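An overview of the molecular structure
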Amino acid sequence: MQENLKKVCWVITNKCNQHCKFCFSFADEKDLSLNEHMKILNNLLEFGVNKITWSGGESLLIPHLMKLLNYANSKGVLNKINTNGQLLTSEALIELRGICGQINLSLNSLNPQSNKIMGKPQGNELLVLSRIPLVKMNGLRIAVNSVASGQNLNDFNELGDKLEEEGIDEWKIMKFTAMRHISKKNRDLFDIDYVRYQELYQGLQQKYPSMNIRAVTQKEFECNNLLVSPNGQIAITKDAEDYVLGNPLEKEVDVNDIYFNKN
Ligand code: SF4
């Protein structure tokens, strides 16, 4: 079994408490119940999935998320969650301790003006920074996901200085990709070409040699992930388009088949 086969990004909701203009979440799909989520999870477990990144939308808006993580963890799954940080309170972290291996926090800039253009709420950068020590205090790995776009390219040095000081475990620099409805609509505002993105990434690697910095381009994003959409469809993404391969709520989906067919 190949390593990639075991890894899933589960977009468990498209609902969010923020309204980023570069967002590449799914268009409206209704959230599922705990029973429906459990059915999908058992399907994934049956075919050997052992790493799940719970994403959104805002994953922490799902009221039974902790139950899903708890069950997955009991079956040997490494859970990670993507969050914008707003709901990542001390209480939430106490629940996550022991059932979640890593928190991926979104932070694109420390510059309030850039964040405003990107659609972030006022003060978001300070809120996210305040979550980093909380995550570490609870013994979880902490990664920061930053979307590099035409609006924040000049902000990465200041951001890198701060993240280095905070001692995060991983910094993922994701190239803005016009994928799905909102990001496609705002493509002109955020697009950056691949050369500028590569220069940014290489410059950061040179400036912060001791930091674990990872480039996430569209190609890497697509190759590395099977997706589960909010309504349970299992999909792969190719050339910024989603291809649905089945829905465990209708019929068991063999992710082994999916993996070998997707390349
Ligand atoms: S980018 Fe993330 S935080 Fe922003 S609206 Fe989309 S899901 Fe929410």
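In what follows, the accompanying structure is described. (Residues numbered from 1 in each chain as written. Predicted model: local features only at pLDDT ≥ 70, side-chain atom pairs only at ≥ 80, totals over all residues.)

Some thoughts on the overall build of the protein chain
What the protein chain contains, in helices and strands, is 11 helices and 10 strands. For a compact globule of 263 residues, the expected C-alpha radius of gyration is about 18 Å, and the protein chain comes in at 18 Å, within 12% of that figure. C-alpha atoms of the protein chain, sized along the principal axes, occupy 50 × 40 × 35 Å. Counting all 263 residues of the protein chain, 36% fall into the buried class. Put simply, of all contacts in the protein chain between residues at least 6 apart along the chain, 74% involve residues at least 24 apart. (Helix = DSSP H or I, 4+ residues; strand = E, 2+ residues; numbered from the N terminus. Rg over C-alpha atoms; globule rule 2.2 N^0.38 Å. Buried ≥ 20, exposed ≤ 12 C-beta atoms within 10 Å, placed from the backbone. Contact = placed C-beta atoms within 7 Å.)

Quick word on the sheet that holds strand β9 (residues 234-238)
Spatially, 10 strands are ordered β7-β6-β5-β4-β3-β2-β1-β8-β9-β10 in an open sheet, and the strand pairing comes out mixed. In the strand order of this sheet, the two ends are held by β7 (213-216) and β10 (241-246), each with one partner. When the angles between neighbouring strand axes are averaged without regard to direction, this sheet yields 25°. For β9 and β10, the ladder comprises 5 bridges, and the chain directions are antiparallel. Within β10, the position partnered with lysine 238 by the bridge is glutamate 241. (Pairing = 2+ DSSP bridges. Axes fitted to C-alpha atoms, helices over the stretch in contact; angles between N-to-C directions.)

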